[in-house]
Amino acid sequence: MADLSMSSAMTGPRGAKPKKAMSPRNIMLYGILIVVCVYYLLPLWVMVMTSLKGMPEVRIGNIFAPPVEVTFQPWVKAWAEACTGLNCDGLSRGFWNSVLITVPSVIVSIAIASVNGYALINWKFKGSDIFFTILIFGSFIPYQIMLYPIVILLREAGIYGTLWGLIVVHTIFGMPILTLLFRNYFSSIPEELFKAARVDGAGFWGIYFRIMLPMSLPIFVVALILQVTGIWNDFLFGVVFTKPDLYPMTVQLNNIVNSVQGVKEYNVNMAATVLTGLVPLIVYFVSGKLFVRGIAAGAVKG
Amino acid sequence: MGNSIEVKDLTLNFGSVSVLKNMNLDVAEGEFVVLLGPSGCGKSTLLNCLAGLLDITDGQIWIKGKNVTWAEPSDRGIGMVFQSYALYPQMTVRGNLSFGLKNAKVPQAEIDKRIARAAEILQIQPLLDRKPAALSGGQRQRVAIGRALVRDVDVFLFDEPLSNLDAKLRSELRVEIKRLHNQLGNTMVYVTHDQIEALTLADRIAVMKGGVIQQLAAPLEIYNRPSNLFVAGFLGSPSMNFLKGRTVDNGRAFQFGATKIDLTGYEGGAVLERDDAILGVRPEHITVSTTPLAGPSIPAEVEIDENLGADSLLWLKAEGTNMSVRVPVEGRVPAGTKVHLGLDIPKASLFDAKTEQRI
């Protein structure tokens, strides 16, 4: 009797509900995803394919076709031989200039902005909120308005046209958004942790370095990605505040692509463009993994 | 014994908002004082002022006979335990315990000794090399207490330390804190909104509201003889029944609706004749009878009958007023029954409705 009732109870649907692979929802979802992917990847495909072709093959005009004869000559030329005016050492000079600009700018701006954000949240002083408002306001003023005044300021300071001048400019312009970023992150760290550290006798720097920093790796990675991409991709400040032999990679790329001597070498231009975009891409993929790790786990109730 | 903590005329304003008003509080050495009140009453703020985490607007704070009004938190001779535990997540338990000592440049041998002692008292020896993330809530709070313990201070400040724990752990740790206090004899100031914690732990309770201490007394005194309506209503669950009426017969009786209640045996000041008075009676100080009582009794009707296991609660309506009465399980009365209520007047409290103060 017990067996009978058991078997009758077990007929009909049981366990996990089966999922249909071709449901309207899935067709819609993956359809849109595929369209978006093609939209973004097609230009990259064209660039990489063109850069691997010789000029005769480029002239045929079939830009979507893969190269018949693969050649790396355009890449070599873009890196080391392409001419801008009298210089014929390609992108390599711009690359090293960009490195010299980006590395100190990123480090200095993140260091200052993180201390700013920490102080604005945990060591409020009279007028700290007004200070913060003014700082954020700065990020809404178009850069172009400030170009000429900054040229004068840098000239008076004696660093116009030097790498350091550009580094100072990048550091200052990174300040509003980075301070906002760090302030908001530090505000999510429980205030009681800060209070406990004060009872434990840690001071301003002690709390910053020993309590806040170790808990803030994710936001430092975000700031790093933001700054490296921003500064590496900058064109305007690079062309305004430096001299030709100090031009960053983006300016150098522009000059290579736009220099009109004889034939337009589309394959070299494409290779040069991919090379320039490579650095932010690498930074993104390497550090992106650190994005999601929750560092604050275990500090509070959980 | 002298006073461990003295708060003198403490005032704290945030801008134009007055958070603590001219507060005075003396805590004797080795005493366990609980600051109790609803959220926003200033109890945690007062604790933060004691710890030096908030700058006060006016007044003085003395700890162990020293004026610490302007002293840094670490120089006040206090240890503090927070609601969210506030353990440093990147450090091991040992690192958490030693952080403050290293900042104070205590020699390593002494640090090891103190950690060993604290770990033994709190029974956290096996956890010393774990990170906070690998600990349960109860273990984390134990470590947080340990962090105050290793500082070797006379005054412990607790800021709602048990509020994040589940009910079972809460009662376990409550007993443990009491045991710790008996064992160490430190002065403890403990903030909570949980009246059970307050009643069980405290030598004295300070009930706060609106930045003012309403009553500061031993738990039973506060429970039995609340000094005003707020204190009376805040302590006790379910809260005290308030009967609105007036005192008559030159203060010898209380007129509640049609019933005249004899006030003989009431402990308090001169009752006099007042037009607006409130008689407060706790649910356990009311007897319920289905037959008329000998003396004057209040007619009522049972609306809901709640079984709590150990005893049961009757929710009734008498003269338009909602009342609750605690009765033994065998004394349960089904809903809808008409009953008669008798009040235990010596245990009742009488308030002036205008001043809200106890008479």
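Residues numbered from 1 in each chain as written. Chains lettered and ligands numbered in written order. Predicted model: local features only at pLDDT ≥ 70, side-chain atom pairs only at ≥ 80, totals over all residues.

Undergrad: Can you lay out the overall build of chain B for me, pointing to particular residues and giving the numbers?
TA: When its secondary structure is counted, chain B shows eight helices and 20 strands. Counting only C-alpha atoms and orienting by the principal axes, one finds that chain B spans roughly 75 × 45 × 40 Å. Taken over 359 residues, chain B has a buried fraction of 42%. Put simply, 66% of the contacts in chain B that link residues at least 6 apart link residues at least 24 apart. (Helix = DSSP H or I, 4+ residues; strand = E, 2+ residues; numbered from the N terminus. Buried ≥ 20, exposed ≤ 12 C-beta atoms within 10 Å, placed from the backbone. Contact = placed C-beta atoms within 7 Å.)

Undergrad: Go over helix 1 (residues 43-51) of chain B with me, naming the residues and quoting the values.
TA: In an α-helix, one full turn covers 3.6 residues, which means residues spaced three or four apart are oriented alike. Residue and element names in this part refer to chain B. The buried fraction of helix 1 amounts to nine of the nine residues, a majority that puts the element mostly inside the structure. Residues of helix 1 that are buried include every one of Lys-43, Ser-44, Thr-45, Leu-46, Leu-47, Asn-48, Cys-49, Leu-50 and Ala-51, and no others. One or two positions beyond helix 1, positive phi appears at Gly-52, with a value near 85°.

Undergrad: Would you mind going over the packing of helix 6 (residues 128-138) of chain A against helix 8 (residues 163-188) of chain A in detail, with residue names and values included?
TA: Residues and elements named next belong to chain A. It is the contact of helix 6 with helix 8, at a shortest axis distance of 7 Å, that shows an interaxial angle of 130°. Judged by the inter-axis angle, helix 6 sits oblique to helix 8. Relative to helix 8, helix 6 is oriented so that their crossing is left-handed. On helix 8, the residues that touch Phe-132, Leu-135, Ile-136 and Gly-138 of helix 6 are Met-175, Pro-176, Thr-179, Leu-180 and Arg-183. Residue composition of the contact of helix 6 with helix 8, by class: six nonpolar, two polar and one charged. (Axes fitted to C-alpha atoms, helices over the stretch in contact; angles between N-to-C directions. Parallel < 35°, antiparallel > 145°, perpendicular 65-115°, else oblique. Left-handed = near helix turned anticlockwise from the far one by under 90°. Nonpolar A, V, L, I, M, F, W, Y, C, P; charged D, E, K, R; others polar.)

Undergrad: If you had to explain the pairing of strand 13 (residues 259-262) of chain B to someone new, which residues and values would you point to?
TA: Residues and elements named next belong to chain B. Pairing of strand 12 (residues 253-256) with strand 13, which is carried by four bridges, proceeds in the antiparallel orientation. Bridging from a neighbouring strand, Ala-253 pairs with Asp-262 of strand 13. In sequence, strand 12 turns back onto strand 13 through a hairpin of two residues, with Gly-257 there showing a positive phi of about 60°. (Pairing = 2+ DSSP bridges.)

Undergrad: Describe the interface of chain B and chain A, with residues and values.
TA: Contact with chain B, which involves 23 residues of that partner, is made by 20 residues of chain A. The set of elements that each furnish at least two residues to the side of chain B that touches chain A consists of strand 6 (78-81) and helix 2 (93-103) of chain B. It is helix 2 of chain B that provides the largest number of residues to the side of chain B that touches chain A, a total of three residues. Looking at the side of chain B that touches chain A residue by residue, the class counts come to 15 nonpolar, seven polar and one charged.

Undergrad: Got a sec to walk through the nonpolar core? Specific residues and values, please.
TA: Formed by 138 residues in total, the largest nonpolar core has its most connected members in Leu-157 and Val-189 of chain B. Among the elements that line this core, the one with the most residues is helix 8 of chain A, at 10 residues. For Val-189 of chain B, the contacting residues outside a window of four places in its chain are Ile-5, Val-27, Val-33, Leu-35, Leu-47, Leu-50 and Leu-157 of chain B. Counting 11 residues, the second largest nonpolar core, distinct from the first, contains Ala-78, Met-249, Met-270 and Leu-275 of chain A. (Core = buried A, V, L, I, M, F, W, Y, C linked by C-beta atoms within 7 Å.)

Undergrad: Just give me the short version of the confidence of the model for chain B, but keep the residues and values in it.
TA: Residues and elements named next belong to chain B. Of the residues in chain B, 100% have a pLDDT of 70 or more, and the chain-wide mean is 91. Across chain B, the element-wise mean pLDDT spans from 87 in strand 13 up to 95 in strand 3 (residues 32-36). Among the prediction metrics, the complex's ipTM stands at 0.85, with pTM recorded as 0.81. (pLDDT = per-residue confidence, 0-100.)

Undergrad: An account of the sheet that holds strand 3 of chain B is requested, with residue identities and associated values reported.
TA: All names here are of chain B. Taken in spatial order, the six strands of this open sheet run 6-7-8-3-9-10, and their pairing is mixed. The sheet is open, and its two borders are formed by strand 6 and strand 10 (212-217), each paired with just one other strand. The mean inter-strand angle of the sheet, taken between neighbouring strand axes irrespective of direction, is 15°. Where strand 7 (residues 155-159) lies against strand 8 (residues 187-192), five bridges are found, and the strand directions are parallel. Each residue of the ladder has a partner; that of Phe-156, found in strand 8, is Met-188.

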